[in-house]
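Structure assessment
Here's the letter readout for the chains.
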Amino acid sequence: MSKDTEKDNKAVDQYTQNVLQNGISRRSFLSCTAMGAAGIGLMGLSGFSGKNAEAAQESHCTEFARSSDGGATLNFMPKPEPIEDSDIAETLTFDVIVVGAGASGVPAALSAAENGAKVAVLQKHPMPVSQGNTGSGIDLKTSDKAGIEALVAKLMNDNNHRCNPALLRQWAYNSGEAVKWVIDRAAKGGATVEDQGSKPQFAIRKVNGYTLNYVTSFFGPKPYTTGDGIRALAKTAEKAGVKFFFNMPASQLVQNNADEVNGVIAKGRDGKYRKFMANKGVILATGDYQNNKAMCDYFIPDLKYFGRKQMDRTGDGFAMAYWAGGVIEPIGHTKMLHDFDAGPASMCDMPFLAVNRSGSRFVNETVAMSLFNNYLRDPENAGHYNQVFDADYMTTAANWPGGKLVPPEGLKNYMPDDPSPKHGVFESQINTHSADTLEELAKKLGCDPATFAASVKRYNELCAAGKDDDFGKPAELMAPVKKAPFYGIHRRVRVSTICSGMLVNENHQALDADGKTIKGLYVIGNLGGGFYGGVDYPLTVFGLSLGRCYTFGYMSGKHVAKL
Amino acid sequence: MNTKTLQKYRFLFAIGLTLFLGVIFTGGLYAAEKKGLLDAYHAENGVACADCHENENKREAVSMVKCLECHDVEELAKATAAVQPTNPHLNRHYNTGADCNLCHHQHKTSENFCLPCHAPFNFMVP
């Protein structure tokens, strides 16, 4: 541990310096605020699961913090009263406590156990939970070193240069090993998983002329997902001696007099508190806070009107790490909003005519789907838009970049109105339609038929003129919509995750407002900061998110076990 | 009613619930006259306030453990196995362990927790 501290006290990088300067920490307090119980009742802070929010009301002298500029009072994150020892029904001791059984927590637990630690996992849900299918890493042996650095530079650019390059490099140079390890261990637990290698990464096989090869785990096809994969990995972890506690949401971290974190208090469904003491460290892997309205309104107000893809992501770990002295990345967090389900995923980035919910064209369609949310933030659109094309799309769009066309027969797999049996999709999320008239299609897509018809008419005129006077899309990507049957994919981007979080160092150890490590506290997965930083999660490397979760779980588990 | 007495009623409740759900789900109908709140239904079946709220004079949230004293989630999942388009009591998010209170409320109208994300899951929730 002393080694860590020495290292962290050395020169601080630009990223860390900025977060220390502009991030949010407990450095400044407002205490004994005359905050009404009603106001607190609205916060939906849970733990802190929504149902327990009333606990905060009992305190008349609640401790709040304020933002770095002193202007905003973070009254949605009241510091809970410490749970008394007399309220603890049971105390258990392990080497490592992992909070959260997801794509980073389960790998962390297994990795720690394989390195000799006695491990417990506390999970809020009744089972391990994770989303997505693809997780990626770089195959070091068959990649050019210059290629790895070129990819890191590309990701820095994707992140608007607001991330910690050291963390990107840690993924780049360790992910191949980690993803292979996850594939192997999940398969041992009974998962259906394959290594797709470089196949899905066709666009980044060469970066700046340098060669790269990948390890790409795939748990699928849908409805089988990484959730099933992580549950299989948890079986392997159980065999390795990891003890899982389900329906056991963490409520508070335990800190000693030196503010070192040495345990977690959790609350079972029976309403009783249990204290889990950690000899070596606590690894928080609780995911994001998309279901905590107050946190979202403050840290990422852009998300106000978007639907959520996950449940119970109430920012428990976020609040716990913060109250233990951790620093939250500055406001303007990175978000991830997609819809790969309504129609073929391979067509989501193809520049077909796109209209919003009412039926108006709204963007140069070469914009990536991952960024469309920025044009659909209002309550009316709320992430809804439609990709529109006509009967000739297989020829007119044959040479377009950004994806792969699915022929009309294949589109039926995404059509809820078509009686054909569905394969490899979530049936409750498919939303592709065809119609013989534009009016009928507009109705199926939920657009105003007159607005929709006018948009198509205007678009066809621009196509005929060979110049996109309205949005400047390249002429070769302008294909008119004039021959029946007409097709529409009604996509609705929702929040997959928010991927900004707590300031950590290269060992994933949380730092305090002075840039010093908080002994015993580690943060991984989407709760960990420093890996992104842009407006949106980039789709440059398919499966970067899960690949990062696996890699940092694998590495932090090993690191903490060896302390 | 103490815990012992509750145990006696448990079997009765289980049968009653299975029949009740059977009518609702397999019939695909939820008769309008049954739309009363669940607190009334529980009261009609002999469950007193203090059976759930240990101190009936204090308004306190009730943990799911109370539900489990009478309702077996595994049995429930079996009872609703044929519900279309999917079994609400055995799902990808919680397996059989979803908190009952996500959908089934006692003192206010119940809600279909699936619906905001899964439009085709138009369950009628008792």
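Residues numbered from 1 in each chain as written. Chains lettered and ligands numbered in written order. Predicted model: local features only at pLDDT ≥ 70, side-chain atom pairs only at ≥ 80, totals over all residues.

Examining the overall build of chain A
Along the backbone of chain A there are 15 helices and 21 strands. In chain A, which comprises 563 residues, the share counted as buried stands at 52%. Summarising the internal contacts of chain A: among those between residues at least 6 apart in sequence, 75% fall at separations of at least 24. (Helix = DSSP H or I, 4+ residues; strand = E, 2+ residues; numbered from the N terminus. Buried ≥ 20, exposed ≤ 12 C-beta atoms within 10 Å, placed from the backbone. Contact = placed C-beta atoms within 7 Å.)

Focus on the nonpolar core
Residues and elements named next belong to chain A. Of all hydrophobic cores here, the largest spans 144 residues; its most connected members are Val96, Ile97, Ala109, Val119, Val264 and Val282. Looking at which element gives the most residues to this core, the answer is helix α6 (residues 165–188), with 9 residues. Three or more residues apiece are contributed to this core by two domains, here domain 1 (85–333 + 501–563) and domain 2 (340–492). What Val264 contacts, discounting residues up to four positions off in sequence, is Ile97, Val99, Leu122, Ala250, Leu253, Val254, Phe276 and Val282. (Core = buried A, V, L, I, M, F, W, Y, C linked by C-beta atoms within 7 Å. Domains from an automatic or database assignment.)

What to know about the domain arrangement of chain A
Residue and element names in this part refer to chain A. Along its sequence, chain A is organised into domain 1 (85–333 + 501–563) and domain 2 (340–492). Just the C-alpha atoms count here: the centres of domain 1 and domain 2 sit 35 Å apart. Across the contact, 12 residues belong to domain 1 and 14 residues belong to domain 2. Of the residues assigned to the side of domain 1 that touches domain 2, the class counts are 8 nonpolar, 1 polar and 3 charged. (Nonpolar A, V, L, I, M, F, W, Y, C, P; charged D, E, K, R; others polar.)

With respect to the sheet that holds strand β5 (residues 134–138) of chain A
Residues and elements named next belong to chain A. The strand order across the open sheet formed by 3 strands is β5-β9-β6, and the pairing between neighbours is antiparallel. Of all the strands in the sheet, the pair left with one neighbour each is β5 and β6 (194–195). Bridging between β5 and strand β9 (residues 214–218) involves 5 bridges; their strand directions are antiparallel. Bridge pairing in β9 places Gly135 opposite Ser217. Along the sheet, α6 makes contact with β5, β6 and β9, crossing β5 at roughly 135°. (Pairing = 2+ DSSP bridges. Axes fitted to C-alpha atoms, helices over the stretch in contact; angles between N-to-C directions.)

A closer look at the packing of α6(A) against helix α15 (residues 544–561) of chain A
Residue and element names in this part refer to chain A. Running from amino to carboxyl end, α6 crosses α15 at an angle of 90°, the nearest separation of the two axes being 8 Å. As the angle between them shows, α6 and α15 are arranged roughly perpendicular. Together, Trp171, Asn174, Ser175, Ala178, Val179, Trp181 and Val182 of α6 and Gly547, Arg548, Tyr550, Thr551, Tyr554 and Met555 of α15 make up the contact between the two elements. Its residues placed into classes, the contact of α6 with α15 shows 8 nonpolar, 4 polar and 1 charged. (Parallel < 35°, antiparallel > 145°, perpendicular 65-115°, else oblique.)

Considering the sheet that holds strand β17 (residues 432–435) of chain A
Pairing between sheet strands relies on hydrogen bonds along the backbone, with the strands arranged either parallel or antiparallel. Residues and elements named next belong to chain A. Within the open sheet, the 4 strands sit side by side as β15-β16-β18-β17. Their pairing is antiparallel. Since the sheet does not close on itself, it has two edges, and those belong to β15 (353–356) and β17, each with one partner. Averaged over neighbouring strand pairs, the angle between their axes works out to 25° when direction is ignored. Pairing geometry for β15 and strand β16 (residues 384–389), over 4 bridges, is antiparallel. Paired with Leu353 across the strands is Val388, a residue of β16.

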